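# Geometric and topological summary
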Amino acid sequence: MALRDSDPLALDEPAGGGQDHPGRREEETEVRQPSSKVPFKVLRGHGEAVTSCHLCFDDSRLLTSSHDNTAILWDTDRLVALQCYGGSHSAGISECALVPGTNRMVTVSWDQTMVCWDLETAKALWTSRHAGLLTSCSVSSDGKLIVCVSDMDNEMDISMATNGECLHKVKEHHSSTMTRCRFDPQGQHVATVSVDRTIKLWDLLARRTTMSINSNHSNTISSCCFTGSGRFLCTASWDRSLQLWDLETGAFRSRGGLRLGGVHVGSVSSCVFSADAQLLVSCSYDRTVALWDMASQCHTLSLKGHSDWVTDVSISMDKKLVASCSRDGTCRLWSVDACDVIPEVVEKTENQLLKCGQCGGSFCVSRSEASDQLPTNCVFCRMKTGGRYRPQPPSI
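What you are looking at is a predicted structure, and each value in this text was computed from that prediction instead of being measured.

## Re the overall build of the protein chain
- Counting secondary structure elements, the protein chain contains three helices and 31 strands.
- The buried share of the protein chain, reckoned over its 396 residues, is 60%.
- When the accessible surface of the protein chain is totalled, it reaches about 15900 Å², and 45% of it is carbon and sulfur.

## A short note on the sheet that holds strand β9 (residues 113-118)
- As summarised here, the arrangement of the four strands in space is β7-β8-β9-β10, forming an open sheet in which the pairing is antiparallel. If you trace the sheet from one side to the other, it starts and ends with β7 (93-99) and β10 (124-129), each paired once. In this sheet, neighbouring strand axes are inclined to one another by 15 degrees on average, regardless of whether the strands run parallel or antiparallel.
- Note that β7 and strand β8 (residues 104-109) share six bridges and pair antiparallel. Paired with L98 across the strands is M105, a residue of β8.

## Quick look at the packing of aromatic side chains
- For the structure shown, the criterion picks out five aromatic pairs.
- Centroid distance F40 to W334: 4.9 Å. Interplanar angle 45 degrees. Geometry classified as tilted. Residue F40 is located in strand β2 (residues 39-44), and its partner W334 is located in strand β29 (residues 330-335); the two are separated by 294 residues in the primary sequence. Per residue, the accessibility class of F40 equals that of W334, and both read buried.
- Aromatic ring contacts, followed pair by pair, group W238, Y285 and W309 into a single cluster.
- Note that R327 overlies the ring of W309, its terminal NZ or CZ placed 4.9 Å from the centroid.

## Details of the sheet that holds strand β15 (residues 178-183)
- As summarised here, the arrangement of the four strands in space is β15-β16-β17-β18, forming an open sheet in which the pairing is antiparallel. Two strands lie at the open edges of the sheet, namely β15 and β18 (208-214), each paired on one side alone. Direction aside, the axes of adjacent strands within the sheet are offset by 20 degrees on average.
- In this sheet, strand β16 (residues 189-194) lies alongside β15 in antiparallel orientation, the contact comprising five bridges. Bridging across to β16, R180 finds its partner in V193.

## Some points on the nonpolar core
- Counting 17 residues, the largest nonpolar core has V281, V289, L291, L303, V322, W334 and V336 as its most contacted members.
- When residues of this core are traced back to their parent elements, those giving at least two are β2, β24 (279-284), β25 (288-293), β26 (298-304) and β27 (310-315).

## Details of unusual backbone geometry
- Of note, the phi angle at F57 is positive, near 50 degrees, even though the residue is not glycine.
- Relative to the helices and strands, F57 is located in the loop between β3 (50-56) and β4 (61-66).
- Positive phi, normally seen in glycine, also occurs at K319, with a value near 65 degrees.
- Looking at where K319 falls in the secondary structure, it is placed in the loop between β27 and β28 (321-326).
- On the accessibility criterion, K319 (28% relative accessible area) is partly exposed.

## So, the confidence of the model for the protein chain
- Model confidence for the protein chain is summarised by a mean pLDDT of 84, while 78% of its residues fall at 70 or above.
- Counted against residues more than four places away or in other chains, residues 366-370, with its pLDDT under 50, gives 12 contacts.

Conventions used here
- Per-chain numbering applies: the sequence of each chain, read as written, is numbered from 1 onward.
- A pLDDT threshold of at least 70 governs which residues receive local features in this predicted model, and a stricter bar of 80 or more applies before side-chain atom pairs are shown or counted, although totals over entire chains, interfaces and linings include all residues.
- Only hydrogens and water are set aside; all other atoms, that is, all heavy atoms of the structure, feed into the side-chain values.
- Working definition: helices are DSSP H or I runs of at least four residues, strands are E runs of at least two. Numbering for both runs from the N terminus.
- Buried means the residue's accessible area, taken with a 1.4 Å probe over protein chains only, is under 20% of the maximum for its type, while exposed means over 50%, and partly exposed covers the values in between.
- Residue-level accessible areas treat just the shown protein chains as cover; the underlying method is Shrake-Rupley with a 1.4 Å probe.
- Pairing between two strands requires that DSSP report at least two bridges joining them.
- Every angle, taken between N-to-C directions, lies between 0 and 180 degrees, and every axis is a line fitted to C-alpha atoms, over only the stretch in contact when it is a helix.
- Each Phe, Tyr or Trp ring (for Trp, its six-membered ring) is paired with any other whose centre lies within 6.5 Å, and the angle between the two planes then decides the class: stacked below 30 degrees, edge-to-face above 60, tilted in between.
- A positively charged side chain is recorded as over a ring if its NZ (Lys) or CZ (Arg) lies within 6 Å of the ring centre. The angle to the ring normal must also be within 35 degrees.
- Put simply, buried Ala, Val, Leu, Ile, Met, Phe, Trp, Tyr and Cys residues joined by side-chain atoms within 4.5 Å make one nonpolar core.
- On a scale of 0 to 100, pLDDT captures the predictor's confidence in every residue.
- The contact criterion used throughout is that any non-hydrogen atoms of two residues lie within 4.5 Å.

So, in structure tokens, the structure goes:
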């Protein structure tokens, strides 16, 4: 198989009522969701909760990991499992990540090991052992470095992707368990979030923490993601909200992050930006996936169907496909390219399109806003200038 590269942690959250789907590796289902008429397809193959999912290789593949100690590479067109990666972990895999520019991926597990795999042969190339349970991993955009975080001594390790050799070991990076780590798109910083509700930015060149944010989240920060420029960071929390942070201006130092809330009724477990940062996708323990228009901060669509909490999400480069995975043991591929013409969505969002007076880009706002209160700039330009406009997303 020739591949081309294109460029939950559940600490004390109560379990839902999902069921396992053992055994079958190549079963698919195609249906339409009655409530929103969004077409989706279901992938079943993992025997336990699916912990992470990543669309990759020009969105022709989906990479997933699971508490069944395996990872699977799926064909998103034919809806079949191309390869299963197992036999090296003795406990659940908490996350997997593709190594850009190669046919490799890494997995981290509660068995305290990180394993690098050959995607074509499914053979383990190297294994590194750590002191505690590994909760998250991320690979730099140039494919050279891997970061993983452990619950032992709240440690962050940065290693060589070629052989797993540890370059930097940072102990007590947070005061409590780290839930997610992410390289910025430029590969210069690593963002980490934690149960301690703080956000830290570690500089690879300076080899030290250059930014520490005491967030205004009221519960565990479960996930984070960067925009493509690396300027903005979004955090997801068990307080049922997301926060948007401008890392360049440091505006959060005086007024905190820009809050996106009022949509999820359960703890938010993960979030991801589209490549152009115009769309944000989040998922929750309430078993739903939410889509947000970032220019207006409006919630545009909710995807419902999983029977247990949704643990991770991914979005295609063209923003036409959203992948989600769940503790119910399944993954779903949602076709959201035509969601703006779905009658239910148009009727409920009632948005109007405006042009940003600063950058010239288009953005939408709710028609319920008074005309004299409408913003003149998109949310990213407003954050740069410190504007006070804070519309509430319309309810769905």
